[in-house]
Protein chains: 2
Amino acid sequence: MDQPSQTKNLRIPGPTPLPPEVRRALAAPIIGHRSPELQSLMSRVRRRLKQVFQTEHEVLVFTSSGTGGMEAAVANLLSPGDRVLAVSVGVFGERWVRLAEAYGAQVDRLAFPYGEGADPEVVLAWLRGEGPYRALFITHNETSTGVTNDLGALAAALGDLGDERPLLVVDAISSLGAIDLRTDAWGCDVVVTGSQKALMTPPGLALVSVSSRALAASGQARNPRFYWDFQRAMEYATGRNQTPFTPSVTLLQGLDVALGLILDEGLGERFARHEALASYFRQGAAALGLEFLAREAVRSNAVTALKVPSGITAEALVGRLRDEYGIEVAGGQGPLKGQIFRVGHMGWVTQEELADVLRALREILNR
Amino acid sequence: MDQPSQTKNLRIPGPTPLPPEVRRALAAPIIGHRSPELQSLMSRVRRRLKQVFQTEHEVLVFTSSGTGGMEAAVANLLSPGDRVLAVSVGVFGERWVRLAEAYGAQVDRLAFPYGEGADPEVVLAWLRGEGPYRALFITHNETSTGVTNDLGALAAALGDLGDERPLLVVDAISSLGAIDLRTDAWGCDVVVTGSQKALMTPPGLALVSVSSRALAASGQARNPRFYWDFQRAMEYATGRNQTPFTPSVTLLQGLDVALGLILDEGLGERFARHEALASYFRQGAAALGLEFLAREAVRSNAVTALKVPSGITAEALVGRLRDEYGIEVAGGQGPLKGQIFRVGHMGWVTQEELADVLRALREILNR
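Residues numbered from 1 in each chain as written. Chains lettered and ligands numbered in written order. Predicted model: local features only at pLDDT ≥ 70, side-chain atom pairs only at ≥ 80, totals over all residues. Heavy atoms only, no water.

Explain the relation of the copies chain B and chain A to me, and be specific about the residues and the numbers.
After a rotation of 180° and a shift along the axis of 0.0 Å, chain B superposes on chain A with an RMSD of 0.0 Å. Classification of the inter-copy transformation places it as that of a two-fold axis. Of every C-alpha in chain B, the one belonging to B:S64 sits nearest the axis of rotation, 2.5 Å from it. The overlap is high: 100% of the interface residues of chain B also sit at the interface in chain A, so the same surface is used on both sides. (Least-squares fit on C-alpha atoms with pLDDT ≥ 70 in both. Contact = heavy atoms within 4.5 Å.)

What follows is the structure, encoded as structure tokens:
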């Protein structure tokens, strides 16, 4: 078997390392996609997803990357010409803009500088001045800048809009399972995540929660879709514990095990652990004299973006970590390329692995 | 780990059983989706896919079920209002109709009775009388009826149309890797398959070959798409050995190994083996007095559809095979529900496993 070489310490902000229990589940024999075993698996996955999403609504399972789940939201909620607002704090906020534009929406873009979070008061004032909008698209945790938006405060602000409140559509691809996200309590209409970040499963599944209001909207929206269709997926999930199209069976088996591990740990304990690990890493990075891209109040507990110090290029820094220390971190994306490097600390990660990164950084910077 | 029980002899027409080498690859550690290791893996997968597809054009990799690949074809090739022809011989032929209609095409449907193949002369006459069409959609191997269309003859007939030749778009989800399909020699513009049938990999990857003509068409077509976009996928594949969005890394690792096994066996040897196994199974089924849904000349080497004999229901037959013998076969779909049952014999399958099915059928029918 022609196996690729292995990175010892995979510290990119996803895909993230897999617990051994998950890896074992991935190699289980295939089961039929219309079998009672699959239905039993799907029933358990659905129940566990609702707990992790903190929702009583359905969480749909699509076989795709997280971006597929984002496209599903756009295709199901919008008709051509709909006015929508994309609140952007980085590269993945811009993805909402491009997706909604691809589907013929009139997109207003409210962007905050890279490293800042979205200010709920500014967003509310914009909505009052420029609204109403069919939907507001936002990123919970912006992977490109290491910023976590204060989604709870933003959601609370939207409550003031009454009937003019837009559908609240959240990209939680790099937050869900690492950072508290109260889908129902905050009134999130659609929350999208991927299997490969804090959920500790390989990439290939998009998980999408759908509120009653979002489901009703999907019955009216006129953008074309078939594979992504919420209504059909909802019928199969609630009526048969199946998906309309053959799901990725091995990834479902892995996700089931990973969700069990997450719930065994406990959501509160898990968020606290991520906060503690992130805090440990940030203190260590600051002690090395490294600077953060993100303002202190909005720094993410899932990924840290650090400015590349003078005297070394981003490429050389990432390359040395990789080649000399077996540590894989990510560079900057888009306009941040060359300016920053990013270290993931979500999912299956230990303090020792972060200490390993800090030690390597110290050695490289001391040279 | 809460593992579902295992079916001993999985004989549905996909997902199909996994060779042990593939299962081991699925449990390999995750590698970064922008890493040199991923690029090396992707380079090898791309080369092997071209060999198995018998094409010199690119074969794009989408993280989705096979239906996602079909939707990619529709979204990339068509604009609203385009006239297209769907040639249907069963349930999956109807899927082309529904997909193209969902994307606003004017769909003409040329259907042949269940159990028959598409007659190339009839198709050509239709195209001459009713054309031109932007695209012709057809199923190579119709999983719902156990019929293989004579795609080579049909493609040859299309050659007579000159400039009015429609784009030829083929669903090869249950044929590619089991039944000869000469993508370039037959002038197929788009061929779609899934990882979970004759390619012996879990579900979750759609593989889509794109001819120069199809790529040019995708530059003009106005249907919305982002995740499925051919142009972006082509740039990432040829320019970087990557995919635009995080691919399902573990499934790519499995597919790489499976494609290696297929090419080691040899395409010609593999098609001959499938023909021999199918012939063995058909002879055994006929000896039991079972009747075929498909006319003899078009019976599939990937899946056999048998009529449910009198004296037993489809449900009881499928249930007994499953509960008493550990054999999982499929029932009929759509209008064929209750009328037939289907036995898959594609991919990683042995004559002994088919003999096991025949023995169980004999015992059940003798009672």
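What follows continues from the structure just given.
Before we move on, could you go through the interface of chain B and chain A and cite the residues and values that matter?
When the parts of a complex come together, some accessible area is lost, and that lost area is often used as the size of the interface. Taken together, the contacts link 63 residues of chain B with 63 residues of chain A. For the pair chain B and chain A, the two sides together bury roughly 5000 Å², of which 63% comes from carbon and sulfur. Here chain B is connected to chain A by two salt bridges. The partner of A:E37 in a salt bridge is B:R322, with the nearest N and O atoms 2.2 Å apart. Of all the secondary structure elements, the ones that give two or more residues to the side of chain B that touches chain A are α1 (20-26), α2 (36-53), α3 (66-77), α4 (91-102) and α9 (249-265) of chain B. At six residues, the largest contribution of residues to the side of chain B that touches chain A is made by α9(B). Classifying every residue of the side of chain B that touches chain A by side-chain character gives 28 nonpolar, 21 polar and 14 charged. (Buried area = accessible area lost by both parts, 1.4 Å probe. Salt bridge = Lys/Arg side-chain N within 4 Å of Asp/Glu carboxyl O. Helix = DSSP H or I, 4+ residues; strand = E, 2+ residues; numbered from the N terminus. Nonpolar A, V, L, I, M, F, W, Y, C, P; charged D, E, K, R; others polar.)

Can you tell me about the sheet that holds strand β9 (residues 190-194) of chain B, naming the residues and giving the values?
Residues and elements named next belong to chain B. Pairing is mixed across the open sheet formed by seven strands, whose spatial order is β2-β10-β9-β8-β5-β3-β4. Single-partner strands in this sheet number two, and they are β2 (58-63) and β4 (106-111). Neighbour-to-neighbour, the strand axes of the sheet open up by a mean angle of 20°, direction not taken into account. Pairing geometry for β9 and strand β10 (residues 205-210), over five bridges, is antiparallel. Counted as the bridge partner of V191 is S209 from β10. Against the sheet, helix α8 (residues 230-240) contacts β2, β9 and β10, and its axis sits at roughly 110° relative to β2. (Pairing = 2+ DSSP bridges. Axes fitted to C-alpha atoms, helices over the stretch in contact; angles between N-to-C directions.)

Got a sec to walk through the environment of B:G311? Specific residues and values, please.
When you line up the elements, B:G311 lands in the loop between β11 (303-307) and α11 (314-325). Between the C-alpha atom of B:G311 and that of B:S218, which follows or precedes it by 93 residues, the distance is 53 Å.

Requested: an account of the sheet that holds strand β4 (residues 106-111) of chain A, with residues and values cited.
Residue and element names in this part refer to chain A. Strand order across the open sheet formed by seven strands is β2-β10-β9-β8-β5-β3-β4, with mixed pairing between neighbours. Looking at which strands have only one partner, the edges of the open sheet turn out to be β2 (58-63) and β4. The sheet shows a mean angle of 20° between the axes of neighbouring strands, taken without regard to direction. Where strand β3 (residues 83-88) lies against strand β5 (residues 135-139), four bridges are found, and the strand directions are parallel. The partner of A86 across the bridge, within β5, is F137.

Which residues make up the pattern of salt bridges, and what values go with them?
All names here are of chain B. For the structure shown, the criterion picks out 41 salt bridges over all chains. A salt bridge links E94 to R109; the shortest N-O distance between them is 2.8 Å. Remark: R109 occurs in strand β4 and E94 occurs in helix α4; sequence separation between them is 15 residues. With relative accessibility at 19%, the residue E94 sits in the buried group. (Buried < 20%, exposed > 50% of the residue type's maximum accessible area, 1.4 Å probe, protein only.)

Describe helix α9 (residues 249-265) of chain A, with residues and values.
If you check α9(A), its first and last C-alpha atoms are 25 Å apart, about what 17 residues at 1.5 Å a residue would give, namely 24 Å. With 13 of 17 residues buried, α9(A) is to be regarded as a mostly interior element. (Expected span 1.5 Å × (residues − 1).)

If you had to explain the pairing of β11(B) to someone new, which residues and values would you point to?
Note on strand geometry: in a regular strand, side chains alternate between the two faces of the sheet. Residue and element names in this part refer to chain B. Of all five residues in β11, four are buried; the element is thus mostly enclosed. Of the strand pairs in this sheet, β11 and strand β14 (residues 340-344) are connected by five bridges, and their pairing is antiparallel. Bridge pairing in β14 places L306 opposite F341.

Let's hear about helix α10 (residues 267-287) of chain B: which residues, and what values?
Residues and elements named next belong to chain B. Relative to the 30 Å expected for 21 residues at 1.5 Å per residue, α10 spans 30 Å between its end C-alpha atoms, a close match to the ideal helical length. All of the buried residues along α10 are L267, R270, F271, H274, L277, A278, F281, R282, G284 and A285. Within α10, the buried residues cover an arc of 165° as seen down the axis, which keeps them to one side. Opposite the buried face of α10, by more than 90 degrees, sit the exposed residues E269, Q283 and A287. At its buried positions, α10 is contacted by α2, α9, β11, β14 and α12 (351-366). Within two residues after α10, G289 carries a phi angle of roughly 85°, on the positive side. (Arc of directions from axis to C-beta.)

Describe in detail unusual backbone geometry, supporting the description with residues and values.
Cis geometry marks the peptide bond from A:G131 to A:P132, where omega comes out at 5°. Note that A:P132 resides in the loop between α5 (120-130) and β5. Residue B:Q54 is not a glycine yet carries a positive backbone phi of 55°. If you trace the backbone, B:Q54 turns up in the loop between α2 and β2.

Before we move on, could you go through the packing of α3(B) against α4(B) and cite the residues and values that matter?
All names here are of chain B. Put simply, α3 and α4 touch, their axes get as near as 10 Å, and they point 45° apart. Here α3 is positioned oblique relative to α4, judged by the angle of their axes. Here α3 runs over α4; the crossing is right-handed. Within the contact between the two elements, α3 uses T67, M70, E71, A73 and V74 and α4 uses F92, R95, W96, L99 and A100. Taken together, the residues that form the contact of α3 with α4 break down as seven nonpolar, one polar and two charged. (Parallel < 35°, antiparallel > 145°, perpendicular 65-115°, else oblique. Left-handed = near helix turned anticlockwise from the far one by under 90°.)

Please give an account of the side chain of A:T55 that cites residues and values.
Residue and element names in this part refer to chain A. As for its position among the elements, T55 is in the loop between α2 (36-53) and β2. A polar contact is formed between the side chain of T55 and the side chain of D184, at a distance of 2.6 Å. Leaving out residues up to four positions away in the same chain, T55 has contacts with K50, T183 and D184. (Polar contact = N/O pair within 3.5 Å; in protein donor to acceptor, adjacent residues only side chain to side chain.)

Distances and angles like these do not, on their own, reveal function.
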